[in-house]
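Listed below, chain by chain, are the residues.
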Amino acid sequence: MHKTLMVAWREFTATVLTKGFLLGVIMTPVMLVIVFGAMSMMRGLKGPQIAGEVALIDRTGAVAAGVEERFTAAADARDAEDRAAKARAMIDKAGPLAAQGGGMAAAEIERQARERSASTHLTLRVLPADANVDVEREPLARAQIKTQGQAADAGGQAVSRLALIVVPEGSVAAPAAGAGYAPFSAYFAEKLDFEVQDRITGRVREAIVEARLAGDPRLVGAGLTPSDLLAMVRQPKVESKTIDRGGHEKDSVGEFRMLIPMGFMLLLMTAVFTGGQGLLTSTVEEKSSRVMEVLLSAVSPMQIMVGKILGQMGVGLVILVIYSGLGVTALVVFLHRANLISAMDLVYLFIFFILAYFIVASMMAAIGSAVNDMREAQTLMAPVMMVIMLPWLSWFLIQRAPNSTLATILSFVPGINPFIMVIRLSGSEPIPSWQIPVGIAVGVATVVVSAWAAAKVFRIGALMHGRPPNFATLIRWIRMA
Amino acid sequence: MTDAIRMTGVRKTFGTKVAVDNLDLALPAGGLYGLIGPNGAGKTTTIRMVMSILFADSGTVSVLGRASAIESKDRIGYLPEERGLYRKMRVLALLTYMARLKGVDAPAAAKRAREWLVRLDLAKEARKKCEELSKGMQQKVQFASSVIHQPDLLILDEVFTGLDPVNRRLIRGLIREQHQRGCTVIFSTHAMVEAEQLCDRIVMIHRGHKVLDATMDEIRARFDPRTVMVEPADPGGAAALAEVPGIQSVSSSDENTSVLEARLAAGLDPQEGIRRIAAAIPVRRMEVKRVTLEDVFIDLVGASGGDAPSRADIRGEHAEAAHA
């Protein structure tokens with residue numbers, strides 16, 4: 001045991017105390033924080049302004065006035081407030097804020113939405129109703145979209161045309177029964193911000209709807225104004241609450257919840273495969289650099305294998321602890337979503353990490369010991385790839401319906417079962433309690449079998465050089481050793 | 001005296017290939033033994049079985065009085081033929097780690113690692129990574145890692161491959177030193193000169209069988225000298241020499257082209273042979289060739305109809321040339 005731990009410690013330090021690991025694992029989150037910090041600083045700077053004209057050809061003659069109303073400074077301000085409110089609603093929909101007064105992120109998103117509206121200056125130019133679309137479209141090709149700050153006061157310089165809207169006849173007057181209103185056309189300059197496009201078409205759409213309502217004789221007859229009708233079809237934000245098993249009311253965590261199982265699976269995969277990959281690389285290296293036989297003179301193959309697996313498990317744990325710690329901190333401090341993760345989630349994550357890691361590590365150790373170089377290792381990686389791909393392909397289905405037959409069956413498929421269990425356990429829907437111990441038992445049984453097979457392959461493979469084995473050979477080794 | 005290694009009726013096969021067959025071997029503790037044989041003879045397999053890295057299909061192996069090397073791994077030093085170092089590990093850390101794996105406690109391991117680096121003239125390299133060392137330096141580090149725990153049994157597989165003459169002499173001295181300390185040394189090679197210079201006793205394996213197991217003196221007595229080295233005074237001496245009664249064949253020497261090797265017919269006393277040659281042709285120099293391990297090796301491998309290696313192979317000259 002003592003020697004096994006020595007092998008494990010060497011393996012751990014040889015991986016963790018390298019520049020590559022420190023940069024890759026420790027620096028990645030640090031870099032993320034720096035990038036986010038820099039981004040938020042840059043937001044304080046004035047962004048590029050979007051300025052230009054929107055041309056309108058109104059063939060109906062009923063829409064132009066309404067559109068003009070929507071392209072004034074007052075309308076812009078209203079719009080900015082509107083967007084900020086929408087952003088706020090979107091965040092609330094994802095889950096009500098745990099702390100009263102809103103988190104940093106929410107305030108930030110609102111502020112951004114407001115600023116974004118303020119940085120866009122659009123002027124409307126109404127063209128004659130019979131203007132030629134082909135001719136009026138031409139300036140779009142020469143449009144200058146973003147001009148840093150100076151666009152608004154460009155003085156004598158012609159203002160760029162960013163959009164051309166054509167409202168055809170038949171888009172306002174009530175159509176014959178069975179037919180629909182004619183759609184309007186919108187032409188945009190290349191690379192015009194999608195949000196700006198959306199805003200322009202939105203304003204035109206509103207003006208058209210208003211014109212339709214105002215001109216419709218049925219509405220007038222019913223004694224309704226267009227704003228009455230609009231108010232009737234508008235629905236304020238839904239307030240959703242979850243009632244837990246104790247009958248207590250909880251804030252519903254909404255769509256944000258969906259991301260948690262995926263986050264957990266990613267975390268598990270990153271930790272498991274960093275350790276697994278490290279194990280494969282170091283085993284291949286020990287074999288190809290011929291250190292293996294020197295080691296075998298001092299320790300048994302089993303001690304080497306177990307030591308290496310434990311060492312790389314330490315590497316995986318370092319990653320798991322760093323990333324899950326950062327994730328939880330980010331949720332609690334920045335997003336105020338402490339209620340999204342329970343302590344039990346983390347305990348299960350740890351248990352299934354150990355199981356998933358041992359399964360993957362056994363495969364990696366066996367492959368590493370059987371081949372001569374990394375290229376040969378790739379040809380034997382199919383089972384490992386399956387363990388990666390299946391949870392990837394099915395995570396969405398499983399988190400949507402954690403208790404579906406598919407999810408339940410996959411929870412007991414050896415190899416992938418730890419990943420599936422983690423997705424299900426971290427999801428919103430509780431799973432039948434008997435499935436947890438059974439899932440763990442399947443995982444443990446898989447670990448025992450794969451470690452036993454890996455030990456057999458390792459014992460033979462470690463000293464075997466020359467032609468790399470195929471699967472049939474590996475199975476023969478497992479049987480004969 | 002107890003045996004450091006005892007093998008009885010050992011057999012090992014790989015698929016259909018028989019690597020070692022019915023091998024009996026008893027090597028008393030304290031000796032310095034040479035294990036020789038052509039490539040593919042079964043030397044490395046034998047050693048790996050001694051080390052319990054491979055396991056015999058049948059027969060028994062006992063090492064240092066125990067049923068297997070696993071029980072006495074910390075008392076054995078092993079330098080395999082296929083050896084390497086952790087390329088990214090620093091030299092001092094590597095030696096300390098190897099000593100620790102062999103059961104030396106941490107403070108002693110670090111101390112011994114430093115001492116060995118000084119002895120091997122590698123003190124300046126202690127903080128370097130192994131990959132930064134020359135091949136010869138790496139060999140020395142590997143040797144140190146095999147003896148750092150002061151083993152009772154030292155097994156060296158092709159230890160001299162890749163060493164320059166200076167380091168060769170250094171390692172030879174260190175092997176003798178281990179032997180004098182009381183350590184049993186087994187030295188596997190196909191470089192006959194080294195084996196002859198170092199070993200008390202030679203075991204030769206060929207095609208999985210033991211074909212020779214004797215001390216150097218016994219070998220010399222058994223392989224009776226039947227060759228006379230002759231340097232003729234006249235250039236045409238070779239033809240005349242072949243005519244001398246009792247001379248079976250004449251060939252030129254590998255070492256010196258002006259020297260001829262006259263093979264004596266069976267039953268002819270070498271002294272009588274010398275007299276007959278001296279009477280027949282004028283000679284500048286003449287001596288009875290002392291039997292070398294190389295001759296014995298060629299005799300044994302050649303007699304069994306094997307792929308006899310060339311003399312250059314046997315001396316390890318090809319290996320040397322490759323590393324020069």
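Our structure's up above, just so we're on the same page.
Parameters and conventions
Residues numbered from 1 in each chain as written. Chains lettered and ligands numbered in written order. Predicted model: local features only at pLDDT ≥ 70, side-chain atom pairs only at ≥ 80, totals over all residues. Heavy atoms only, no water. Helix = DSSP H or I, 4+ residues; strand = E, 2+ residues; numbered from the N terminus. Buried < 20%, exposed > 50% of the residue type's maximum accessible area, 1.4 Å probe, protein only. Contact = heavy atoms within 4.5 Å. Areas by Shrake-Rupley, 256 points an atom, 1.4 Å probe, with all protein chains shown as cover. Pairing = 2+ DSSP bridges. Axes fitted to C-alpha atoms, helices over the stretch in contact; angles between N-to-C directions. Salt bridge = Lys/Arg side-chain N within 4 Å of Asp/Glu carboxyl O. Expected span 1.5 Å × (residues − 1). Patch = residues over 30% accessible without salt bridge, like charges linked within 9 Å, V, L, I, M, F, W, Y side chains within 5 Å. Lys, Arg positive; Asp, Glu negative; His and termini not counted. Charge placed at Lys NZ, Arg CZ, Asp CG, Glu CD.

Okay, the overall build of chain A next. Counting secondary structure elements, chain A contains 19 helices and 7 strands. Looking at chain A as a whole, 43% of its 481 residues qualify as buried. Counting only contacts in chain A whose residues sit at least 6 apart along the sequence, the fraction spanning at least 24 positions is 77%.

Within chain B, the secondary structure is distributed over 12 helices and 13 strands. Within chain B, the proportion of its 324 residues that are buried is 51%. The contacts in chain B between residues at least 6 apart in sequence include a share of 66% that link residues at least 24 apart. For chain B, the exposed area adds up to about 14500 Å²; of that, 50% sits on carbon and sulfur atoms.

All names here are of chain B. Spatial strand order, β5-β6-β7-β3-β8-β9: 6 strands in an open sheet with mixed pairing. Of all the strands in the sheet, the pair left with one neighbour each is β5 (76–79) and β9 (209–215). Here the strands of the sheet are splayed against their neighbours by 15° on average, with no regard to which way each runs. Contacts from helix α1 (residues 43–50) reach β3 (32–36), β5, β6 (153–157), β7 (184–189) and β8 (201–206), with the element oriented near 150° to β6. Along the sheet face, helix α5 (residues 165–180) touches β3, β6 and β7 and points at about 145° away from the line of β7.

Take the pattern of salt bridges next. Oppositely charged side chains can pair when the atoms bearing their charge come close. All names here are of chain A. The final tally for this structure, using the stated rule, is 30 salt bridges over all chains. Notably, a salt bridge pairs Arg70 with Glu206, separated by 3.0 Å at the nearest N-O pair. One end of the pair, Arg70, is in the loop between α3 (64–69) and α4 (73–94); the other, Glu206, is in helix α7 (residues 194–215), and 136 residues separate them in sequence. Note on Arg70: relative accessible area 13%, which makes it buried. Looking at Glu206, the relative accessible area reads 46%, which means it is partly exposed. A salt bridge links Asp134 to Arg137, with the nearest nitrogen and oxygen atoms 3.8 Å apart. Placement of both Asp134 and Arg137 in helix α6 (residues 133–137) is noted, with a separation of 3 residues, approximately one turn of the helix. Linked by salt bridges that have partners in common, Glu53, Arg125, Glu136 and Arg161 make up one network.

Below, the discussion takes up helix α1 (residues 2–16) of chain A. For α1 of chain A, spanning 15 residues, the distance from its first C-alpha to its last is 21 Å, which sits close to the expected 21 Å at 1.5 Å a residue. Those residues of α1 of chain A that fall on the buried side of the exposure criterion are Lys3, Thr4, Met6, Val7, Ala8, Arg10, Glu11, Phe12, Thr13, Thr15 and Val16 of chain A.

Residues and elements named next belong to chain A. Residue placement: Thr15 occurs in helix α1. Given the relative accessible area of 19%, Thr15 is considered buried. Sequence-distant contacts of Thr15, defined by excluding residues within four places in its chain, comprise Phe21, Gln312 and Val315.

We now examine the sheet that holds strand β1 (residues 3–14) of chain B. Residue and element names in this part refer to chain B. In space, the 3 strands of this open sheet follow the order β2-β1-β4, with antiparallel pairing throughout. Edge positions in the sheet fall to β2 (17–28) and β4 (58–63), since each of these pairs with one other strand and no more. Between one strand axis and the next, the sheet turns through 20° on average, direction left out of account. Pairing analysis gives 5 bridges linking β1 to β4, with the strands arranged antiparallel. Within β4, the position partnered with Arg11 by the bridge is Ser58.

A cluster of like positive charges, contributed by Lys19 of chain A together with Arg90, Arg114 and Arg127 of chain B, occupies part of the molecular surface. Of note, Arg114 of chain B is situated in helix α3 (residues 106–119).

What follows covers the environment of Leu164 of chain A. Mapped onto the fold, Leu164 of chain A is located in strand β4 (residues 161–167). Setting aside its immediate chain neighbours within four residues, Leu164 of chain A contacts Ala55, Ile57, Leu127, Val133, Glu136, Arg137, Leu140, Ser185, Ala186 and Tyr187 of chain A.

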